[in-house]
Amino acid sequence: MSRRIVGIAGKRLVLSNLEKELYPAYGFTKAAMLEYYESMADYILPHLGNRALTLKRYPDGVEGDFFFEKRCPSYRPEWVKTADIPQGSGERMRVCLVNNAETLAWAANLASLELHVPLNRAVTPETSDSVVFDLDPGSPADIIDCGRVALILRELLADLGLSSYVKTSGKKGLHVYVALNSPDVSFDHTKKFSKAVAIVMQRNYPGLVTARMSKGYRNAKVFINWSQNDSSKTMICIYSLRAAEKPYVSFPLEWKELKRLTGRRDPEKFQVLPAEAVRRVAKYGDLFRDLLSIKQRLPHL
Amino acid sequence: MIKKNSTGKVPPRLSSGKDRETSFQSIWSGTISFSLVAIPVQLVKAVEPGRVSFRMLHGTDFSPLLRRMYCPEEGKIVGQDEIIRGFETAPGRYIVITDEELESVSPQRSRTIEIVRFTDINEIDRVCYNHPYYLVPARGGEKAYSLLSEIMRRTGKAGIARFVLGEREYLVAIKSTGGVLNLITLHYSEEILSDGELAPEADAIDAGEKARIKKTIRKMTTDFAPGKYSDRRRGKIVTFLKKKLKEKAAVEAPEALEEEAVGPADLMAALQESMSRVKKIH
Amino acid sequence: MGGAIWKGYIRFNGTNTAVKLHPAVREEQVRFHLLHKRDHARLHQQMICAYDHKPVPAEAQVRGFEVEEGRYIIVEQSELEDAAQETGRTPENSRAIEVHEFVGVAQIDPIFLERAYFLEPADKGKEYNALAAAMKETDSAGICTWTMRKRTYSGALYPAGRTIRLYTLRYADEIIEAGSLGLDEMALSEKELSIGVELISRLTAPFKPEEFENEHHRKLRDLIEKKSRGEKIALLRPVRLKPTMPDRLLQTLEASLKKVA
């Protein structure tokens, strides 16, 4: 299998297995995957930076075994930055921080198709940067139903004076984020808030929304997974690939675009493939850029 | 490289077996031929075992376990690219065989299923049948595929062929059912045991007994309806799992919203007010 | 013929025929071992934790059923076995191969056949002989169910010469429907079809399994032997045939017919 030695920012990295088809049904090779992450580096790095990375590795491609890796592999190059984060047991675990393009390339080279990050930064594990509403459709509900829920959610949040952002999960759902960026916001706050919102949404749209996790209640409804607002939970990083038959990207949508897509009947149109992702960010920039900086306050907390 | 089977098998859902997804992952692709006609095809699964399968997990934190190969000499797990295939010629002594060498052993056959003869379907003793697959035409092969399927149907014949899949060569029968070609691997004659000594003494058969049984058989004869029988054991296991799920939430789940849990009263009130305004607009 | 693996009795409408089960097939394979490239040490399978990649001993392993991605119900092997128990089974009927109906032998498509057993009479064989003959003369197969070693099976009894064979059958929901493959029927000319039919007749011959040796098996052993003697192995590229294009199908059929004539 072919290899290539590259230099990024003066660091030497050996990229291997370039011809391996990681997405065999679609024909997307490892080289293509590395190229994608390289093209997207400027846009994805701000969202990965200083956060504990969870790798989701598919060494045999999407049709093979996968495994999560939270602990930073001991064989990492010495220039990969790490942090020690506390775990439930009281012990600390060393995690990788993707703070630069070479570390991103290194992670991608490990066939970590998916990059997952938490809502906190490694140095302040108790502080949540934002609130997330993870919209997960229970079959036969689909991403279009998630779109309807997201649009209502946006109105509700706007009425509370909060602006929000939406992205595709790259699979069947949507993620709505509310930026907070305040050092005194804890996961306790964000969890209470998102749970309350979920319950109110369920009460008012019982046929469309559920706030309950148990499988029996999720049939044909969109589940607002408020429990994701937790220091131990991770979300798929924006612009990351997903491991499915096709390499869809977790991609941001403009609200007016979401409205248009929800009005049509084609769930596939929500999804963005790598080439399109690269084109769109080059043209429109990072739609989620402000999520990292704007300051907002949750009501009544 | 040694290919592992994908673990992409869909587990039986705790719902009716009918809504199980089937994935048409191609197991093999190549050409099927008879005389000069060559048809590009893919081999796909025809059966999906219904057995409930479980995953082994780490008891401490419920993370899934993976099967890996471990080297006792170095005391560590080795990756796929460090694994080679060997044949043991004497205890501890191995001859290494590479993938290319393996594939070269039957060069004609690794991408072709050549039908060497046709034969009456009923002539094939059913003890020969091993495992069934479907053949699906690849692009451009649809017409020739249809032809083969139809002429086999009209003549009531099956094709006999050989091909190499993975590390093994198979003798196969190809038959046509409902416009679709089934490929069934066959056991080699040396693998089929003999039942010569099993039959009882060639005594005269009790005519009366035989007649009585025939009468009973006729009374009990009906058409074959495979749907009548379901895997009872599987059914019991599924029921048991459903019950367990009701009693105890699956691990990894956060606390379920069991009680009508409400947030801080003033927050709920404020949210409901906002909600009412939003609904008015729509 | 080795010892029987199980004893039971065929039962229907007052008939009880005691039988012993023998497997009908023994598969042979050239077995390879997996070795470490670097030192040729033989590798063992190990279960490792996906999270930290450390080996996990058997005592620390639990069995889980995945209800949805990443979420499991934990079960003990013993409670699983208890739940799967066949109720109402007394020692007498626990060994019954209960025949529910008979069908024409030709009605059962080979796609349903899973595993084959030879049946040997467990006694003098009077009922066995009569049953075998009756099934043969009526060309019938007996659809039955039985429980063997805690597993329930659905199967079919077939007459074969003077003996009876038992095949386990796959359940209907384990068969992927041919219709779900989404194949369309293509239009074919009568000319193509009649030449095709003629071609098949010319290529028809009786099927004698003994004629087909596991050549690959033999070649593999030759390869191993050659390598152990240090001989060089010529690597041949696998051959790919050119597919017959739809507009050349008729010509190819005609040429084939000429070739076999």
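Scroll up to find the structure this text is about.
Moving on: the overall build of chain A. For chain A, the helix and strand inventory stands at 6 helices and 16 strands. Within chain A, the proportion of its 301 residues that are buried is 57%. About 12500 Å² of surface is accessible on chain A, with carbon and sulfur atoms providing 50% of the total.

With that out of the way, let us pick up the sheet that holds strand β5 (residues 61-68) of chain C. Strand pairing in a sheet is mediated by backbone hydrogen bonds. Such pairs are either parallel or antiparallel. Taken in spatial order, the 3 strands make up an open sheet running β3(B)-β5(C)-β6(C), and their pairing is antiparallel. Strands at the two margins of the open sheet, each flanked by one partner only, are β3 (55-58) of chain B together with β6 (71-75) of chain C. Ignoring which end each strand starts from, the neighbouring axes of this sheet average 55° apart. Sheet topology note: the β3(B)/β5(C) ladder contains 4 bridges and is antiparallel. By the bridge assignment for β5(C), B:His58 is matched with C:Gln61. Across the sheet, helix α4 (residues 232-247) of chain B lies against β5 and β6 of chain C, angled at about 110° from β6(C), the strand it touches most.

Residue and element names in this part refer to chain A. Per the counting criterion, the structure on display carries 6 cavities of 30 Å³ or more. In this model, the largest cavity occupies a volume close to 200 Å³. Forming the walls of the largest cavity are 18 residues, and the residues nearest its centre are His47, Arg51, Val117, Tyr177 and Leu291. When its residues are assigned to classes, the lining of the largest cavity shows 11 nonpolar, 3 polar and 4 charged.

Contacts between the two partners involve 167 residues from chain C and, on the opposite side, 167 residues from chain B. Counting every contact that joins chain C to chain B gives 18 salt bridges. In this structure, C:Glu190 engages B:Arg154 in a salt bridge whose closest nitrogen and oxygen atoms are separated by 3.2 Å. With 11 residues, helix α2 (residues 126-138) of chain C is the single largest residue contributor to the side of chain C that touches chain B. A breakdown of the residues in the side of chain C that touches chain B according to their chemical character gives 87 nonpolar, 34 polar and 46 charged.

What counts and what doesn't
- Residues numbered from 1 in each chain as written.
- Chains lettered and ligands numbered in written order.
- Predicted model: local features only at pLDDT ≥ 70, side-chain atom pairs only at ≥ 80, totals over all residues.
- Heavy atoms only, no water.
- Helix = DSSP H or I, 4+ residues; strand = E, 2+ residues; numbered from the N terminus.
- Buried < 20%, exposed > 50% of the residue type's maximum accessible area, 1.4 Å probe, protein only.
- Areas by Shrake-Rupley, 256 points an atom, 1.4 Å probe, with all protein chains shown as cover.
- Pairing = 2+ DSSP bridges.
- Axes fitted to C-alpha atoms, helices over the stretch in contact; angles between N-to-C directions.
- Contact = heavy atoms within 4.5 Å.
- 1 Å grid on protein atoms, 1.4 Å probe; cavity = no way out; pocket = protein on both sides within 12 Å on 5 of 7 lines; lining within 4 Å.
- Points joined across faces, edges and corners; volume = space filled by probe spheres on them.
- Nonpolar A, V, L, I, M, F, W, Y, C, P; charged D, E, K, R; others polar.
- Salt bridge = Lys/Arg side-chain N within 4 Å of Asp/Glu carboxyl O.

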